[in-house]
Amino acid sequence: MTDIPRRSMIGGLGLLGATALAGRALSPIAARAARPARPRARALGLPMQGHTGTDNAITDVAGVRVGHTTLISGQGEHAVRTGVTAILPRAPGALLHPCWAGTFSMNGNGEMTGTHWIEEAGWFMGPIAITNTCSIGTAHQAVAKWMVRSFPDHMGEDIWPLPVVAETYDGWLNDIGGFHITERHVLDAIRNARPGPVAEGNVGGGTGMITYEFKGGIGTSSRRVDTSAGQYTVGVLVQANNGIRPWLKVCGAPVGLVMRDDTVWTKEKGSIIIIVATDAPLMPTQLRRMAKRAGIGMGRLGTPSGNDSGDLYLAFTTANDPGAYPVRERVHIDALNDDDMDAMFMGVVQAVEESAINALLGARTMTGRRNRTVHAIDPDQLRDLVLRANAPFAHADLG
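The model shown is predicted, which means the values in this text are computed figures rather than measured ones.

**Student:** Teacher, can you tell me more about the packing of aromatic side chains here?
**Tutor:** Each aromatic ring pair is described using two quantities: the centre-to-centre distance and the angle formed by the ring planes. All told, the structure shown has five aromatic pairs when counted by the stated rule. A centroid spacing of 4.9 Å and a plane angle of 45° characterise the contact between tryptophan 123 and tyrosine 325, whose relative ring orientation is tilted. Taken together, the residues tryptophan 123 in strand β4 (residues 123-124) and tyrosine 325 in the loop between β12 (310-317) and α7 (341-362) connect sequence positions 202 residues apart. Centroid distance phenylalanine 124 to phenylalanine 316: 5.8 Å. Interplanar angle 80°. Geometry classified as edge-to-face. Of this pair, phenylalanine 124 sits in strand β4 while phenylalanine 316 sits in strand β12, placing them 192 residues apart in sequence. Exposure remark for phenylalanine 124: the relative accessible area of 3% places this residue in the buried category. Ring-pair connections join several aromatic residues into one group, and the members of that group are Trp117, Trp123 and Tyr325. Positioned above the aromatic ring of phenylalanine 214, the side-chain terminus of arginine 245 is 3.6 Å from the ring centre.

Have a look at this one:
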């Protein structure tokens, strides 16, 4: 079996058959020609609220970069349908500059490392990696190695790495017990990280993920938020692997009650990781409050955050840069007034909701382990159901 490294080039393709893309790579040009991009929520005409940044992605927060490594090979019992997504909060050379942060566990049946120190000190540094459940140790070690190799004069002397690495379970479609993710795949995702548009759906850590029993994966969105101190950006990236079909609501429409074909299971077995980025100056306590609101964004899609779900959220800001760690001088933090937090909260809620919808729309039907097939959502049916349900509000100002 052949792994496919550096697979950000095919991350959005998915798999229509068990043999498609098995153990071989497509060039970026060939990939685009083979599979035209599926429409995102706004391009489809769904009535999304709020105003987005340029790329409607977490990378609209200046300095934030995203990279993917996607592995698609083999079929049957040992089908590989997995990967790694890396988020760089700052430019690679500035990743020893701490980011103030806050975390929240809506339901703890999952793992996000590094959160104990965030709870204690209110910050983290280095790349964030998201992968599958059995690869979290490999990803943690790889990110630590990247930090040590990138900053050899500091690591092991003044500081030590405490990486943020998170996971969701892709064992329905992926041979997760084969431990196919290697350190090289994680390092490739970090090296591939770029600003600008972000591939969605069957890509990176989201390659084998399932969302409301449709094919899911990576999704992203952003919001421009007006405050008394000026306009700021909130960006979100999700690795969506949660929910069962009857729960699914899109723009308030209970579409999951109608879209009943090709369901996968009767009990939720998934999780979701949500990363929130902003350039607004916030304190760690305010960022924890931002992380909590990610759960409200997911609630808009109908999930109660089930018992078996690992719903783990992190929010960070690129503002208030204290300089390279270890910081020797007194640290000064500028922060928004709490009265401005309502606008920031709404930005998170809206961007999380749209990110999860984009994950559904960006994904493609995939056949994987044991020849199981998980179908992509039908965008036309989804649009028709949503627009019909929202018809009475068609001329309302969505803001």
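Now, onward.
**Student:** Honestly, the sheet that holds strand β3 (residues 99-108) in this entry has me stumped. Any pointers?
**Tutor:** Hydrogen bonds between backbone atoms are what pair the strands of a sheet, whose relative direction is either parallel or antiparallel. Pairing is mixed across the open sheet formed by six strands, whose spatial order is β4-β3-β12-β11-β10-β9. Both outer strands of the open sheet, β4 and β9 (217-227), are each paired with one neighbouring strand and no more. As paired elements, strand β11 (residues 271-278) and β12 share seven bridges and run parallel to each other. By the bridge assignment for β12, valine 276 is matched with alanine 315. Seen against the sheet, helix α6 (residues 284-299) touches β3, β10 (230-241), β11 and β12 and runs at an angle of roughly 40° to β3. α7 rests against β9, β10 and β11 of the sheet, and its axis sits at about 155° to β9.

**Student:** Got a minute to help me understand the pairing of β9 in this structure?
**Tutor:** Side chains on a regular strand alternate between the two faces of the sheet. Judged by how many residues are buried, β9 sits mostly within the fold: nine of 11 residues are covered. Summarising the sheet, β9 and β10 pair through 11 bridges and their orientation is antiparallel. Within β10, the position partnered with aspartate 226 by the bridge is glutamine 231. Linking β9 back to β10 in an antiparallel pair, the connection comprises two residues.

**Student:** What is the right way to look at the pattern of salt bridges in this model?
**Tutor:** Should the charged atoms of two oppositely charged side chains come close, the side chains can pair. Following the criterion strictly, the structure yields 14 salt bridges and no others. In this structure, the salt-bridge partner of arginine 42 is glutamate 354, at a minimum N-O distance of 2.8 Å. One end of the pair, arginine 42, is in helix α2 (residues 41-44); the other, glutamate 354, is in helix α7, with 312 residues separating them in the sequence. In this structure, glutamate 77 engages arginine 370 in a salt bridge whose closest nitrogen and oxygen atoms are separated by 3.0 Å.

**Student:** What's the story with the confidence of the model for the chain in this structure? I'm lost.
**Tutor:** For any part of a model where pLDDT is low, the fine detail of the predicted coordinates should not be relied upon. For the chain, the average pLDDT comes to 90, and 91% of its residues sit at 70 or higher. pLDDT under 50 marks residues 1-34. Its contacts with residues more than four places away, or in other chains, come to 89 contacts.

**Student:** Just checking my understanding: could you explain the nonpolar core for this structure?
**Tutor:** Counting residues in each nonpolar core, the largest one holds 74 residues, and the members touching the most others are Leu46, Ile274 and Met290. Apart from residues lying up to four places away in sequence, isoleucine 274 is in contact with Val236, Leu237, Val238, Ala294, Met298, Leu312, Tyr313, Leu314 and Val352.

**Student:** What is the right way to read the pairing of β11 from this model?
**Tutor:** Counting buried residues in β11 gives eight out of eight residues, a clear majority hidden from the surface. Burial of β11 is two-sided: the residues Ser271, Ile273, Ile275 and Ala277 facing one way and the residues Ile272, Ile274, Val276 and Thr278 facing the other way are all buried. Bridge analysis of β10 against β11 gives eight bridges, and the strand direction is antiparallel. Bridge assignment links alanine 240 to a residue of β11, and that residue is isoleucine 272. The parallel pair β11 and β12 is bridged by α6, and the resulting crossover is right-handed.

**Student:** What's the story with the sheet that holds strand β1 (residues 65-73) in this structure? I'm lost.
**Tutor:** In space, the four strands of this open sheet follow the order β1-β2-β5-β6, with mixed pairing throughout. Each edge of the open sheet carries a strand with a single partner, namely β1 and β6 (164-168). The mean inter-strand angle of the sheet, taken between neighbouring strand axes irrespective of direction, is 15°. Sheet topology note: the strand β2 (residues 80-88)/strand β5 (residues 128-132) ladder contains three bridges and is antiparallel. Its bridge partner lying in β5, isoleucine 87 is registered against isoleucine 128. Helix α4 (residues 136-150) contacts β5 and β6 of the sheet and is inclined by roughly 160° relative to β6.

**Student:** Just to check I follow, could you spell out unusual backbone geometry for this structure?
**Tutor:** Glycine aside, negative phi is the norm for most residues, and most peptide bonds take the trans geometry. Residue tyrosine 325 is joined to proline 326 through a cis peptide bond whose omega torsion reads 0°. Within the secondary structure, proline 326 sits in the loop between β12 and α7. One non-glycine residue, aspartate 262, lies in positive phi territory at about 60°. Take aspartate 262: it is sitting in the loop between β10 and β11. Backbone geometry places serine 305, a non-glycine residue, at a positive phi of 60°. By relative accessible area, which is 15% here, serine 305 ends up buried.

Basis of the calculations
- Residues numbered from 1 in each chain as written.
- Predicted model: local features only at pLDDT ≥ 70, side-chain atom pairs only at ≥ 80, totals over all residues.
- Heavy atoms only, no water.
- Phe/Tyr/Trp six-rings, centres within 6.5 Å; stacked < 30°, edge-to-face > 60°.
- Helix = DSSP H or I, 4+ residues; strand = E, 2+ residues; numbered from the N terminus.
- Buried < 20%, exposed > 50% of the residue type's maximum accessible area, 1.4 Å probe, protein only.
- Lys NZ or Arg CZ within 6 Å of the ring centre and 35° of its normal.
- Pairing = 2+ DSSP bridges.
- Contact = heavy atoms within 4.5 Å.
- Axes fitted to C-alpha atoms, helices over the stretch in contact; angles between N-to-C directions.
- Salt bridge = Lys/Arg side-chain N within 4 Å of Asp/Glu carboxyl O.
- pLDDT = per-residue confidence, 0-100.
- Core = buried A, V, L, I, M, F, W, Y, C linked by side-chain atoms within 4.5 Å.
- Right-handed = clockwise from strand over helix to strand, strands pointing away.

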